[in-house]
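# Working through the structure, step by step
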Amino acid sequence: MPLLAFAAYARAEAWPTKPLRLVVPYPAGGPTDVLARALAAKMGEGLGQQIVVDNKPGGAGNIGSDIGAKAAPDGYTLTMGNNATHATNQTLIPATPFDASKDFAAIGLTTTVTHVLVVHPDVPAKTIQEFVTWAKAEGDKLSYASTGNGSASNLAMELFKGATGLQAVHVPYRGSAPAVQDLLGGQVKCSFQTLPSVLAQIRSNKLRALAVSSLKRNANLPDVPTVDETVVKGFQADAWFGLFAPARTPDDIVARLNAEMLKALKDPATAEVIVKAGFDITPSKPAELADFVAVEIVKWAKVVKDSGAKAE
C-alpha cells in the first residue's frame, strides 16, 4: 500500500476519538435544528461518538456558518448549511465573512423542501398557465407575499417573475405565519411558500396550489404540476439543506461522514422524523453538493441583482 494511502487509511481507522460538534446557524426548535438533531443522533451511532448540536443563530445564518468555516479541518466540526447560508447570502449580504465554495468541504446534500405557488381562491386562474396570463394583465396591481426581504420565498417569486415577465409588487412579511394569514384574507393574492406552511390550507381549499418549484411533482400534491413542466423549463427554487466541514478536511474523513449521513437518511426511524418535519430526503455525494453549491451561488446572484432584493 503506498505511503500516502496507508496514512489516510490509518487516520480513518483512528478517527473519531472524541465527540463531534454540529453547528446549526439557527435557533433550537426550528426546522433546520430538527433535521440536524435527527441526523446527529443516527450518525453518532455509526461513528461511535456523540455528535453534539451547537445552535449559533444570528446574521441570517452567517454567524454560525462562519464558526464552522473557521474551525479546525479535522472532522470534528460540521455545519448544517442551506440555500441561504451557502448560496443567497453570498450576494444578499456583502459582508458575509466566508466563501461558501472555498471555505467549506461539502459532505452531502441531505434534504429539500419544495415551494408551492399558491393563490387566494378569488384569483380566477385555475392553472399556472392561466395565472401567468392573468397576472400579466394585472401588471403592478398584483401583489405577492413573501416571508421576508431576501428570503427564499421572495427570491423564488423574483426568479419566476424574471422568467415569465410578471410585474407583481413584493409585500414582505416576518415569516410564513403572517404571510399566509394575509393570503387567506385576500390582502395579497399569491405567494411561493414552503409546502409544509400551506399544505393544510391547500387541502381545505382555502388556498389554491398552482405549481411546485421542484423538478419533480410532490407526493403530497400529485396532481399539482411543476413550474418546469408547464411554463418555465428548468425552473427550480427549492429550499435545500446539506452537511459541510471546513475546507481542507481530509477526503477520507469526508467520505466516512458522507457514508454515515447516507446510512442515517436511509434509517426508517430517522427518515420518519425528517419527513414528518416537512423535508424531502434527497441525499448526494460530496462532489455533487459542491457542484450544486457553485451553481446555486451564480444562479441566485443574478436573481438578487436583477430584482434588487435586499436582506432584512
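In the block above lies the structure referred to throughout.
Attention here is on the structure that accompanies the text.

## Quick look at the overall build of the protein chain
If you tally the helices and strands in the protein chain, you get twelve helices and eleven strands. Against the compact-globule benchmark of 20 Å for 312 residues, the protein chain has a radius of gyration of 20 Å, which places it among compact chains. Across its three principal directions, the C-alpha atoms of the protein chain cover 70 × 40 × 35 Å. The burial tally for the protein chain puts 54% of its 312 residues in the buried class. Looking at the protein chain as shown, the accessible area adds up to about 13700 Å², and 56% of this sits on carbon and sulfur atoms. Both charge centroids of the protein chain, one from 30 positive and one from 29 negative side chains, sit 1 Å from each other.

## A few points about the sheet that holds strand β7 (residues 169-172)
In space, the five strands of this open sheet follow the order β7-β6-β8-β5-β9, with mixed pairing throughout. Each edge of the open sheet carries a strand with a single partner, namely β7 and β9 (208-212). Mean inter-strand twist for the sheet, computed between neighbouring axes without regard to direction, equals 30 degrees. Two strands pair when backbone bridges link them, and strand β6 (residues 143-146) and β7 are joined in this way by four bridges, in the parallel orientation. The residue of β7 that forms the bridge with S143 is V169. Its contacts with the sheet place helix α7 (residues 176-185) against β5 (115-119), β6 and β8 (190-194), and it is angled at close to 145 degrees to β8.

## With respect to the sheet that holds strand β11 (residues 280-281)
With respect to topology, six strands assemble into an open sheet ordered β2-β1-β3-β10-β4-β11, the strand pairing being mixed. The open sheet has two edge strands with one neighbour each: β2 (51-55) and β11. Taken together, the five bridges between strand β1 (residues 20-24) and β2 define a ladder with parallel strand orientation. Opposite V24, over in β2, you have N55 as the bridge partner.

## Looking at the packing of aromatic side chains
Tallying each qualifying case throughout the model produces nine aromatic pairs. On the numbers, 5.7 Å between centres and 70 degrees between planes, the contact of F160 with F192 is edge-to-face. Of this pair, F160 sits in helix α6 (residues 152-164) while F192 is found in strand β8, placing the two residues 32 residues apart along the sequence. Given the relative accessible area of 0%, F160 is considered buried. Assessed through its relative accessible area of 0%, F192 is described here as buried. Members of the aromatic cluster, each reached through a chain of ring pairs, are F98, F104 and F244.

## Some details on helix α2 (residues 31-47)
With 17 residues, α2 ought to run about 24 Å at 1.5 Å a step, and its terminal C-alpha atoms sit 24 Å apart, in line with that. Turning to α2, its buried residues are T32, D33, L35, A36, A38, L39, A40, M43, G44 and L47. In the segment just after α2, G48 is the residue with positive phi, at about 75 degrees.

## Here's the deal with the packing of α6 against helix α12 (residues 286-307)
α12 packs onto α6 with a crossing angle of 80 degrees between their chain directions and a minimal axis gap of 10 Å. Relative to α12, α6 is oriented roughly perpendicular. Contact residues: α6 offers L155, A156, E158 and L159, while α12 offers K299, W300, V303, V304 and S307. In the contact of α6 with α12, the residues fall into six nonpolar, one polar and two charged.

## A closer look at the pairing of β2
In terms of burial, β2 is a largely internal element, four of the five residues being buried. With α2 bridging β1 and its parallel neighbour β2, the resulting β-α-β unit is right-handed.

## Regarding the environment of A95
Within the secondary structure, A95 is located in the loop between α4 (84-92) and β4 (104-113). Of the residues examined, A95 reaches a relative accessible area of 66% and is grouped as exposed. Distance from A95 to V118, taken between C-alpha atoms, is 34 Å for residues 23 residues apart in sequence.

## Here's the deal with the side chain of T77
Tracing the backbone shows T77 in strand β3 (residues 77-82). Of the residues examined, T77 reaches a relative accessible area of 9% and is grouped as buried. T77 has contacts with R21, V23, G68, A71, F244, A245 and P246, leaving out every residue within four places of it along the chain.

Rules used throughout
Residues numbered from 1 in each chain as written. Predicted model: local features only at pLDDT ≥ 70, side-chain atom pairs only at ≥ 80, totals over all residues. Heavy atoms only, no water. Helix = DSSP H or I, 4+ residues; strand = E, 2+ residues; numbered from the N terminus. Rg over C-alpha atoms; globule rule 2.2 N^0.38 Å. Buried < 20%, exposed > 50% of the residue type's maximum accessible area, 1.4 Å probe, protein only. Areas by Shrake-Rupley, 256 points an atom, 1.4 Å probe, with all protein chains shown as cover. Lys, Arg positive; Asp, Glu negative; His and termini not counted. Charge placed at Lys NZ, Arg CZ, Asp CG, Glu CD. Pairing = 2+ DSSP bridges. Axes fitted to C-alpha atoms, helices over the stretch in contact; angles between N-to-C directions. Contact = heavy atoms within 4.5 Å. Phe/Tyr/Trp six-rings, centres within 6.5 Å; stacked < 30°, edge-to-face > 60°. Expected span 1.5 Å × (residues − 1). Parallel < 35°, antiparallel > 145°, perpendicular 65-115°, else oblique. Nonpolar A, V, L, I, M, F, W, Y, C, P; charged D, E, K, R; others polar. Right-handed = clockwise from strand over helix to strand, strands pointing away.

Geometric values such as these leave the question of function open.
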